[in-house]
Amino acid sequence: MVLGAIDDFWYKWVADIGITGADKGKGGKYLILPPGYAGEVPEGYFVVRPSTYGNWMPFRSFLVDGSTKPGVEAVKKYLKIYQLSDAANPPEMKFVNASGIPSNFIPPADYTFWSLLNEAIQEEPSEGSDPTTLGLFARSALRKASHLIPMRG
């Protein structure tokens, strides 16, 4: 009984999970296949085919009698994320409580930003993003690179 989604690397919706998903809140196995996957697809899964390799799955459980504890315990008991090759013997999940731990989600404002953007673009298939976004990235990268190219007058 969770409410969530699977989004691709660029935060585009791919599938709902939980009460609005294919499992209707009853639980189920979701198989996330990479772009271009042409192999055998085993039965017993809700198959999801994002256009990127990187994906994220934000979701929430619900309060029970005003308490978060039952939801947290259910997630720890039932959530398992693993590679399909490990399906017969999934590794143990490790949960980290990040409550109260300072985090910085602001991207760097120096050249490091461009290195991180380049890394992300190189790891993801170009088909995973729309041409407009890719064009903006290319234009920004060229503009940034033009500051590094000596101009002759």
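In short, a report on the structure. (Residues numbered from 1 in each chain as written. Predicted model: local features only at pLDDT ≥ 70, side-chain atom pairs only at ≥ 80, totals over all residues. Heavy atoms only, no water.)

### With respect to the layout of surface pockets
Turning to step 1, where the next piece is worked out: Volume-wise, the largest pocket comes out at about 1,200 Å³.
Turning to step 2, where the next piece is worked out: The wall of the largest pocket is formed by 37 residues, among which Gly28, Tyr30, Tyr78, Leu79 and Lys80 lie closest to the centre.
Turning to step 3, where the next piece is worked out: When contributions to the lining of the largest pocket are tallied by element, the ones reaching two or more residues are β2 (13-18), β3 (30-32), β5 (55-56) and α1 (69-78).
Turning to step 4, where the next piece is worked out: Here the lining of the largest pocket takes 5 residues from α1, the largest share from any one element. (1 Å grid on protein atoms, 1.4 Å probe; cavity = no way out; pocket = protein on both sides within 12 Å on 5 of 7 lines; lining within 4 Å. Points joined across faces, edges and corners; volume = space filled by probe spheres on them. Helix = DSSP H or I, 4+ residues; strand = E, 2+ residues; numbered from the N terminus.)

### Regarding the nonpolar core
Turning to step 1, where the next piece is worked out: Ile6, Val14, Ala15, Ile17 and Val48 together form the largest nonpolar core, which totals 5 residues.
Turning to step 2, where the next piece is worked out: Among the elements that take part in this core, β2 stands out by supplying 3 residues, more than any other.
Turning to step 3, where the next piece is worked out: Contact partners of Ile17, with chain neighbours within four places excluded, come to Val2, Leu3, Gly4, Ala5, Ile6, Asp23, Tyr30, Met57 and Phe59. (Core = buried A, V, L, I, M, F, W, Y, C linked by side-chain atoms within 4.5 Å. Buried < 20%, exposed > 50% of the residue type's maximum accessible area, 1.4 Å probe, protein only. Contact = heavy atoms within 4.5 Å.)

### Things to note about the pattern of salt bridges
Turning to step 1, where the next piece is worked out: One pass over the full model with this rule turns up 1 salt bridge.
Turning to step 2, where the next piece is worked out: A salt bridge links Lys69 to Glu73; its shortest N-O distance comes to 3.8 Å. In this pair, Lys69 and Glu73 are both assigned in helix α1, 4 residues apart and thus about one turn of the helix distant.
Turning to step 3, where the next piece is worked out: We classify Lys69 as exposed; its relative accessible area is 52%. (Salt bridge = Lys/Arg side-chain N within 4 Å of Asp/Glu carboxyl O.)

### So, the pairing of strand β1 (residues 3-8)
Turning to step 1, where the next piece is worked out: Counting buried residues in β1 gives 5 out of 6 residues, a clear majority hidden from the surface.
Turning to step 2, where the next piece is worked out: Where β1 meets β2, 5 bridges bridge the pair, whose relative direction is antiparallel. Paired with Ala5 across the two strands is Asp16, which belongs to β2.
Turning to step 3, where the next piece is worked out: In this structure, the hairpin formed by β1 and β2 is closed by a connection of 4 residues, where Tyr11 is found at a positive phi of approximately 70°.
Turning to step 4, where the next piece is worked out: For β1 and strand β6 (residues 59-60), the ladder comprises 2 bridges, and the chain directions are antiparallel. For Gly4, the partnering residue across the bridge sits in β6 and is Phe59.
Turning to step 5, where the next piece is worked out: Two strands pair when backbone bridges link them, and β1 and β5 are joined in this way by 2 bridges, in the antiparallel orientation. Bridging from a neighbouring strand, Asp8 pairs with Asn55 of β5. (Pairing = 2+ DSSP bridges.)

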